[in-house]
Structure formats: C-alpha cells, structure tokens
Amino acid sequence: MSGGDLNDLVRRLEEVTSRLESVASKSGGAVSDEGDSAKVEAFDGVIKGALANFLALSKDIGGDVATQAGLVNAAFQAQRDFIVQANQCKQPKPDVLQQLLKPTSEAITAVQEFREKNRPSKQFNHLSVVSEGIPLLGWVTVGKPANYIKEMSDSAMFYVNRVIKDFKGKDDRHVEWARSFVKIATAVIDYTKDEYPAGLTFNPSGREATGAAASKPPAPGPPPPPGPPPPPGPPPPVQAPTGGAAAADGDETRAALFSDLNKGEGITSGLKKVTPDMQTHKNPGLKKVTADMQTHKNPALRHQSPTPYKGPTPYKSPSGGPTSPVFAPGDKKVPPPVAKKPVTAKLELQGSKWQVENQEGNRNIVVETTALKQTVYIYKCNNCTIQVKGKINSITLDGCKKTGLALDSLVSSLDIINCQSVQAQVMEKIPTVSIDKTDGAQIYLSKESLDCTIVTAKSSAMNVLIPTDTGEFSEHPIPEQFKTVWDGKKLNTDVSEIGG
C-alpha cells in the first residue's frame, strides 16, 4: 500500500469516527437528560417562537395583560417539564400521572383565577381571551390533541374578535396581541400533529415515573423518628355459652321452628282471634286515654320504657386525632368549611364604565348615562329590571338570571354572555346583538332596529320579537340546529328543517 492510499484510508476513518461521535452526542446524551430531544426541542420552538412574540406584545401593552402573560409563561414551562418526563419515563400509574400533571393544572387555574379576580379591569376582554384559551394545554390528556386545541381556540375567539373590534384603527398593538394568542394555538396544533398525532406517549424503555421533577435525586436525610405506639386492638368477640345444656336447648328450639314451618296453612291456627269487643272502630271506649295512662299525671310511667340501645363508643386515639378508622396515623384533619364572604351590590360609575353588580330582586335600577363613550357592565344580577337611559357605546350582560333590560340607543353592541332567562328591549337604535353561552333570551326590537345584526354561539331558547302595525310583537325563534353538507369543494351549512 502506497503512502497516498494510506493517507486516504486514515482520512476516511476519521470521517466515520466523527460521524459516530455526532450520532452518539445527539442520541445517548440527549436521551439521558431529556428523553427524545427532538420532541422537546420542537416544543421549545413553540416557546421561543409564538409564545415569545405573545409575551413581548403583552409586556408592551402592560398592566394586567403583562401580569397574566407571566402566568401563561409559567404554564408553558410546566408543560415542557411534563413532556420531558413523558420522554424519560414509562407509562405511569394513574396516581403518579396526576402528580406529574399537577403543576400544569395549577398553572392553568392561576391564569383563569386572575381573570375572575380582575373583572373590573379595563383589559377584561384581553384577560378573557387568555382565560378561555389556556385550557388548550390539556391536550396531553386527550386522544386527538389537534381537535381539542382547535376547540379551545374557538372558545377564545369571541373575546379575540371583541379586542380587535375595540382597538382596530386606534391601537394596532392590541390587534396584533389578540392575533398572537391565536398563533400560539396554531403552533401547538402543528406541534401535536408532527410529534403526537394520536396523543401523548411515554417512553416504553424509560425509567419508572415517580411524580418528582426531572432532576438529580437529593441526598438522603436522617431516618424519621419512630411513630406513636399502635392503638389497642378491638375487644375480643363475646363467646356464646357452651356446654351440653346450651347445645340441647338450641337443638330443641331449632326443631320446634321447623315443625311450625311444616304445618303449612295450619300455622295460623295458633294465632289469637280478635273479637268485636276488642276492635276500636266497634268499641270507641278503647280509644279513651285515662288519667293513669298519662305520663304527665303519672310520672312513674316515664321510667318504664326500655332503655334505647347504644352502640360501642368509637375508639379515640391518645393524641386526640380523628376517631374515624379511615384516618391513618399522620393524616391531617379536614379543616372546617370556610364561610363565603357576602357579596356587595354595586351601582357606580368608574371612569367611563358603569358597573351594576350582584343586584338581587331590584326592579327599579336606573342608569342615567351622560356621555357617548360610556359603557354599562351588568354582572350577576338576579330577578332584576334595569333601565339604561341615553345613547352610549355598549352594554354587557354577564352571568345574569331572570333579568330584564330596557335601553334607548347604542353605538356598538349589546352583548349577552353566560345568562339564563333574560330579556332586552330596544327603544330606539342598536346595530348589533351578540349572544354567547346563554340559555333563554328574548330580544324586543324597535322599528328603527330591524336591520340590526344578531350573532349567536353556544346558546339556546332565543327569540326575537318584531313590532307589528297593531302595536303587538310577533315572535320569531333563532335557529339552533343546522345541517352541513360537503358539495365536493366546500362545506355548505343551512338551517335544519327540524331545528328552524
């Protein structure tokens, strides 16, 4: 072999060696740290891409939006840790799986509770976009994650459209912010289609899941102190008397019982007959209660009743712990229920927003508006009648029951959300009515508002009442059932003949 051939062979061996080292570094090292690194790196792409853009826009807007965005970031980080665990571990038992999912679940709850605690916020629609859409992180528990994420994204679209409508042409940062949250959902859908099209899977050759974070185990601590001595055992059962006499007595009783049962219909021959003089309906004198039969006149009768049976006293542990046997040593006592704080009814103007909240049975609520830019937010009112006078921007009914609303004129829209059995009557002009997640809505339109647009979603029992020439109203139901057909190119949706 010549020197040139030898050099060529060495060069080729070095190339093969470098390739093997590259493969080993991508597979062996990554698997030991984060399982299948490709799946984790793909999720990192969602975090560094769509989520990072959303966080930057949230920080630019500031206020409650920026605070809630921090909670969203924590939720995505918790989900990343779960994906790492899934790629490291075998399929865990249900109780261990709940422990692994707990950080993500708590982060989602924190995002939603932040919206509920900040309902008076001027950025409430922004908070609702995120609160309605953040459950998309629950895709790790369903079989077809892409469909589930799309459903959660659609739930947020109602508030996405409201943010876009309120700020389009005024402050495009908010418009871009709303669309950036939708892009997060799209990015997660693409991720699941590529990595987990049939649902999240675990590593069949991985280690056993323990519910702890994917980190090095801590150094073992000192052994725990010995527990309290075990409670005394139950008392020995009462033994039946033994002996020849008892056995013989039992045999005689048993033989007599079977002898009576074998008599058939003749078994009733030994029953005592009730004569007419013993029947109360034929002898009313038997119903009378004499003085010697009354306990308040004869105290001795009070002590003649048999003593009621009392069961054995339950065991009480020496430490004063729970008496129920289902509590194991070391279990915590169940705290007493915390009484709910009474809600305060509210009717006030904050800035340009009227707040009518927690009213109960008030039939004389009147809101005297003074400016076109003012809005009215009506929240959790029950069995009330509310009159809004003057022309304002918009009115929102949220979480109300059996409430009636009379309004003059609006520039924007009337929004009815999460309500039951509500009515709204328009006196003058209104361009749009939006009904979402509502069961029972009656909309009375004026003649000037017959051209208004009515948008409905996830609602039922909706009727629109149109004025007639006689001064009466004709009732027209809004369809709830639809029929969709594929014509070869697109889906065509029409109102079902059954539903409308």
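As shown above, the structure is provided for reference.
Residues numbered from 1 in each chain as written. Predicted model: local features only at pLDDT ≥ 70, side-chain atom pairs only at ≥ 80, totals over all residues. Heavy atoms only, no water.

What follows is about the pairing of strand S15 (residues 482–486). Examined bridge by bridge, S15 and strand S16 (residues 491–495) share 5 bridges and lie antiparallel to one another. Bridge pairing in S16 links Val485 to Asn492. Hairpin connection from S15 to S16: 4 residues lie between these consecutive antiparallel strands, with Gly488 at a positive phi of about 105°. (Pairing = 2+ DSSP bridges. Helix = DSSP H or I, 4+ residues; strand = E, 2+ residues; numbered from the N terminus.)

To continue, consider the packing of helix H2 (residues 37–61) against helix H7 (residues 172–195). Packing of H2 against H7 leaves a shortest axis separation of 9 Å and a crossing angle of 170°. Classified by the angle their axes make, H2 and H7 are roughly antiparallel. (Axes fitted to C-alpha atoms, helices over the stretch in contact; angles between N-to-C directions. Parallel < 35°, antiparallel > 145°, perpendicular 65-115°, else oblique.)

A separate point is the pattern of salt bridges. Pairing between side chains of opposite charge can happen when their charged atoms approach one another. Evaluated as defined, the whole model comprises 18 salt bridges. When the shortest N-O distance is used, the salt bridge between Asp60 and Arg173 registers 3.5 Å. In this pair, Asp60 sits in helix H2 while Arg173 sits in helix H7, placing the two residues 113 residues apart along the sequence. Overall, the relative accessible area of 45% leaves Asp60 in the partly exposed class. Among the ionic contacts, a cluster of salt bridges with common partners joins Arg115, Glu116, Arg119, Glu132, Asp398 and Lys437. (Salt bridge = Lys/Arg side-chain N within 4 Å of Asp/Glu carboxyl O. Buried < 20%, exposed > 50% of the residue type's maximum accessible area, 1.4 Å probe, protein only.)

Even without glycine at this site, Asn358 takes up a positive phi of about 55°. Considering the arrangement of structural elements, one finds Asn358 in the loop between strand S2 (353–357) and strand S3 (365–368). Positioned with a positive phi, Lys402 is a non-glycine residue whose angle comes to about 50°.

Taken together, 7 strands build an open sheet; the order of strands is S3-S5-S7-S9-S11-S13-S14 and the sheet is mixed. Each having just a single partner strand, S3 and strand S14 (473–477) make up the two edges of the open sheet. In this sheet, adjacent strand axes meet at a mean angle of 15° when their direction is disregarded. Looking at chain direction, S3 and strand S5 (residues 385–392) are connected through 4 bridges and run parallel. Residue pairing in the sheet places Val366 in a bridge with Gln387 of S5.

On the basis of which strands lie adjacent, the open sheet formed by 7 strands has the order S1-S2-S4-S6-S8-S10-S12 and mixed pairing. Across the chains shown, the open sheet's two edge strands, defined by having one partner strand only, are strand S1 (346–350) and strand S12 (453–457). Averaged over all pairs of adjacent strands, the angle between their axes in this sheet comes to 10°, without regard to strand direction. In terms of strand pairing, strand S4 (residues 375–379) meets strand S6 (residues 394–398) through 5 bridges, oriented parallel.

For the rest of this paragraph, the subject is the nonpolar core. It is characteristic of soluble globular proteins that their nonpolar side chains tend to be buried jointly. Ranked by size, the top nonpolar core spans 55 residues in total, and within it Phe54, Phe76, Trp139, Trp177 and Leu200 carry the most contacts. At the level of elements, H2, helix H3 (63–88), helix H4 (94–117), helix H5 (124–133), helix H6 (145–167) and H7 are the ones that each hand at least two residues to this core. In terms of residues, this core owes the most to one element, H7, which gives 10 residues. The residues touching Trp139, leaving out its near neighbours within four places in the chain, are Gln79, Ile83, Pro145, Tyr148, Ile149, Val188, Tyr191, Thr192, Tyr196 and Leu200. Within the second largest apolar cluster, 33 residues are counted, among which are Cys384, Leu407, Val422 and Cys452. (Core = buried A, V, L, I, M, F, W, Y, C linked by side-chain atoms within 4.5 Å. Contact = heavy atoms within 4.5 Å.)

These figures capture arrangement, not role.
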